[in-house]
Amino acid sequence: AQSVTQPDIHITVSEGASLELRCNYSYGATPYLFWYVQSPGQGLQLLLKYFSGDTLVQGIKGFEAEFKRSQSSFNLRKPSVHWSDAAEYFCAVYLGGATNKLIFGTGTLLAVQP
Amino acid sequence: GAVVSQHPSRVICKSGTSVKIECRSLDFQATTMFWYRQFPKQSLMLMATSNEGSKATYEQGVEKDKFLINHASLTLSTLTVTSAHPEDSSFYICSARVGARDTQYFGPGTRLTVL
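Residues numbered from 1 in each chain as written. Chains lettered and ligands numbered in written order. Predicted model: local features only at pLDDT ≥ 70, side-chain atom pairs only at ≥ 80, totals over all residues. Heavy atoms only, no water.

Asker: Explanation requested: the overall build of chain A in the structure shown.
Answerer: Across its full length, chain A holds zero helices and 12 strands. Secondary structure of chain A in N-to-C order comes out as β-β-β-β-β-β-β-β-β-β-β-β. The C-alpha radius of gyration of chain A comes to 14 Å, within 12% of the 13 Å expected for a compact globule of 114 residues. Burial status across chain A gives 48% buried among its 114 residues. A separation of at least 24 residues holds for 53% of the contacts in chain A among residues at least 6 apart in sequence. (Helix = DSSP H or I, 4+ residues; strand = E, 2+ residues; numbered from the N terminus. Rg over C-alpha atoms; globule rule 2.2 N^0.38 Å. Buried < 20%, exposed > 50% of the residue type's maximum accessible area, 1.4 Å probe, protein only. Contact = heavy atoms within 4.5 Å.)

Rendered as structure tokens:
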């Protein structure tokens, strides 16, 4: 069955430290992959997406993600975290064909220590 | 670009009343809109998918007579929670996209509290 797994429910990093949020997917076809961020009480904002081409994708706010087909992964990275990055992060995969919808991981809550 | 709005942002209602939530794509025409429900500290649960001018497709377990969805135009979809009860209290988020493989853009969400 198609699924998205975010193994880390909660991560705490120090401001200025690097960040990597993990995402693994299970999907038979070539995936369309997304990372969204949600601040408390807000909707979701698109950080970046992968459809095809270069497997290293650049997004907004200094984020990047790398698609690794062999590992079925699409991990999100940022070299230096800012306090304003504290939020919930969701990885999602688009299921095409008759399913025609996004499925989301369970999310990773990022806390940033001063 | 690609802005989706929701109205209202918060609503408090009495049990048994109906509540309507609007979702608008402000700068693009959305052939498909989606309605999600999010419980505290949980991921988004897709409730239904609506295409302009046709009936919504509901996910398994979602009562279509309770959660009425209307997608009357390419920029507007509405979700009406009928005869709301306290267990319907939740955060409701809509999203919209142009084509099947396009990015979904999300609204800011509506916090519904049923007393």
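Asker: Which parts of the structure should I look at to understand the pattern of salt bridges?
Answerer: Two side chains carrying opposite charge are able to pair once their charged atoms lie near each other. All names here are of chain A. Per the counting criterion, the structure on display carries seven salt bridges over all chains. In this structure, the salt-bridge partner of Arg77 is Glu66, at a minimum N-O distance of 3.3 Å. On the criterion of sequence distance, the pair formed by Arg77 in strand β9 (residues 73–78) and Glu66 in strand β8 (residues 64–68) is long-range, its members being 11 residues apart. One salt-bridge network, in which partners are shared between bridges, spans Glu64, Glu66 and Arg77. (Salt bridge = Lys/Arg side-chain N within 4 Å of Asp/Glu carboxyl O.)

Asker: Help me understand the packing of aromatic side chains in this model?
Answerer: Here the distance between the centres and the angle between the planes together describe a pair of aromatic rings. All names here are of chain A. The final tally for this structure, using the stated rule, is 17 aromatic pairs over all chains. An angle of 45° between the planes, with centres 6.5 Å apart, marks the rings of Tyr50 and Phe74 as tilted. With Tyr50 in strand β6 (residues 44–50) and Phe74 in strand β9, the pair connects residues that are 24 residues apart, well separated along the chain. (Phe/Tyr/Trp six-rings, centres within 6.5 Å; stacked < 30°, edge-to-face > 60°.)

Asker: Just to check I follow, could you spell out the environment of A:Phe51 for this structure?
Answerer: As for its placement among the helices and strands, A:Phe51 is situated in the loop between β6 and β7 (56–58). Once the C-alpha coordinates of A:Phe51 and A:Ser3 are considered, the two residues, 48 residues apart in sequence, prove to be 17 Å apart.

Asker: What exactly am I supposed to notice about the pairing of strand β5 (residues 32–38) of chain A here?
Answerer: Residues and elements named next belong to chain A. The buried fraction of β5 amounts to seven of the seven residues, a majority that puts the element mostly inside the structure. Going residue by residue along β5, you find Tyr32, Phe34, Tyr36 and Gln38 tucked away on one face and Leu33, Trp35 and Val37 tucked away on the opposite face as well. As paired elements, β5 and strand β10 (residues 87–95) share seven bridges and run antiparallel to each other. Each bridged residue has a counterpart across the sheet, and for Gln38 the counterpart in β10 is Glu88. With six bridges joining them, β5 and β6 adopt antiparallel strand pairing. (Pairing = 2+ DSSP bridges.)

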